[in-house]
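# Architecture at a glance
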Amino acid sequence: MNMVSVCFVCLGNICRSPTAEGVMRRLVADAGLVERIGVDSAGTGDWHIGEAPDERARQAAGRRGYDLSALRARQIDAGDFGRFDLVVAMDDANVTALHRVCPPAQREKIRLLMDFAPQAGSRVVADPYFGGAAGFEAVLDQCEAACAGLLDELRARLAG
Ligand code: 4NP
């Protein structure tokens, strides 16, 4: 049985990418595809390695029924590009940082999350870390829209 896997990437792996991971894990579970679709997240930076997601991200996600408490931050490495079919970044700075660690042959695996929700009208998921609560709600809205589109893409890959 074939599998596909995705790794979400932001700067710290404590706000945006764990939120995307939590949203995607629920969509995958609801679709009955836990055995077929692997989901993970990582940061391009090393400041928060080993930490649980930001309290504000956990609270906001929790209010929508996503439990991020078991997640721990880690840093992306070159080997991840061999392990994942897609490496999905939140913003352009993440893409630039990913290009620096990605083996050249695997660069086509790097995508922007919001490419999977063209109808949402935003190219990137903005960093909520230095802002207020509204930023975390916006991240959740964007992750919910884009992860639904991403699930469609992964289903197509499984079928193809
Ligand atoms: P994230 O947010 O990239 O969505 O996890 C950030 C977390 C930490 C920092 C910046 C952004 N920081 O500067 O420590």
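Residues numbered from 1 in each chain as written. Predicted model: local features only at pLDDT ≥ 70, side-chain atom pairs only at ≥ 80, totals over all residues. Heavy atoms only, no water.

Per an unreviewed UniProt entry, the chain goes by the name protein-tyrosine-phosphatase and belongs to Paraburkholderia caballeronis. One UniProt comment on the chain, placed under Sequence similarities (unreviewed entry), says "Belongs to the low molecular weight phosphotyrosine protein phosphatase family." (UniProt positions renumbered as here; feature names shortened; annotations may be inferred.)

## With respect to the pattern of salt bridges
Taken as a whole, this structure holds 15 salt bridges when the rule is applied. One salt bridge connects aspartate 40 with arginine 74, and the closest N-O pair in it is separated by 3.1 Å. One end of the pair, aspartate 40, is in strand β2 (residues 37–43); the other, arginine 74, is in the loop between α2 (55–63) and α3 (80–83), with 34 residues separating them in the sequence. Owing to a relative accessible area of 23%, arginine 74 belongs among the partly exposed residues under this scheme. The partner of arginine 64 in a salt bridge is glutamate 137, and the shortest N-O contact between them spans 2.8 Å. Here arginine 64 is found in the loop between α2 and α3, whereas its partner glutamate 137 is found in helix α5 (residues 133–159), with 73 residues between them in sequence. Look at glutamate 137 and you get partly exposed, because its relative accessible area is 25%. (Salt bridge = Lys/Arg side-chain N within 4 Å of Asp/Glu carboxyl O. Helix = DSSP H or I, 4+ residues; strand = E, 2+ residues; numbered from the N terminus. Buried < 20%, exposed > 50% of the residue type's maximum accessible area, 1.4 Å probe, protein only.)

## Considerations on the nonpolar core
Ranked by internal contacts, the top residues of the largest apolar core, which has 38 residues, are Val6, Phe8, Met24, Ile37, Leu113, Leu150 and Leu154. Listed by contribution, the elements that provide at least two residues to this core are β1 (4–10), α1 (16–30), β2, α2, β3 (86–89) and α5. Ranked by the residues each element gives to this core, the list is headed by α5, at 10 residues. Counting residues in hydrophobic clusters, the runner-up holds 13 residues, among them Cys7, Ala89, Val95 and Ile110. (Core = buried A, V, L, I, M, F, W, Y, C linked by side-chain atoms within 4.5 Å.)

## Brief notes about the packing of α1 against α5
Following both chains from N to C, one finds α1 and α5 inclined at 50°, their axes separated by 9 Å at the closest point. The angle between α1 and α5 falls in the class oblique. For the element pair α1 and α5, the recorded crossing hand is right-handed. On α5, the residues touching Arg16, Thr19, Ala20, Val23, Met24, Leu27 and Val28 of α1 are Val139, Leu140, Cys143, Glu144, Cys147, Ala148, Leu150, Leu151 and Leu154. Of the residues that constitute the contact of α1 with α5, the class distribution is 13 nonpolar, one polar and two charged. (Axes fitted to C-alpha atoms, helices over the stretch in contact; angles between N-to-C directions. Parallel < 35°, antiparallel > 145°, perpendicular 65-115°, else oblique. Left-handed = near helix turned anticlockwise from the far one by under 90°. Contact = heavy atoms within 4.5 Å. Nonpolar A, V, L, I, M, F, W, Y, C, P; charged D, E, K, R; others polar.)

## Here we look at the state of the cysteines
According to the stated counting rule, one finds zero disulfides in the structure shown. No disulfide involves cysteine 15; its sulfur sits 6.9 Å from that of cysteine 10, the nearest cysteine. Taking relative accessible area as the criterion, cysteine 15 reaches 5% and is therefore assigned buried. We note that cysteine 147 lacks a disulfide partner, and the nearest cysteine sulfur, in cysteine 143, lies 5.5 Å from it. Classification of cysteine 147 as buried rests on a relative accessible area of 0%. (Disulfide = S-S within 2.5 Å.)

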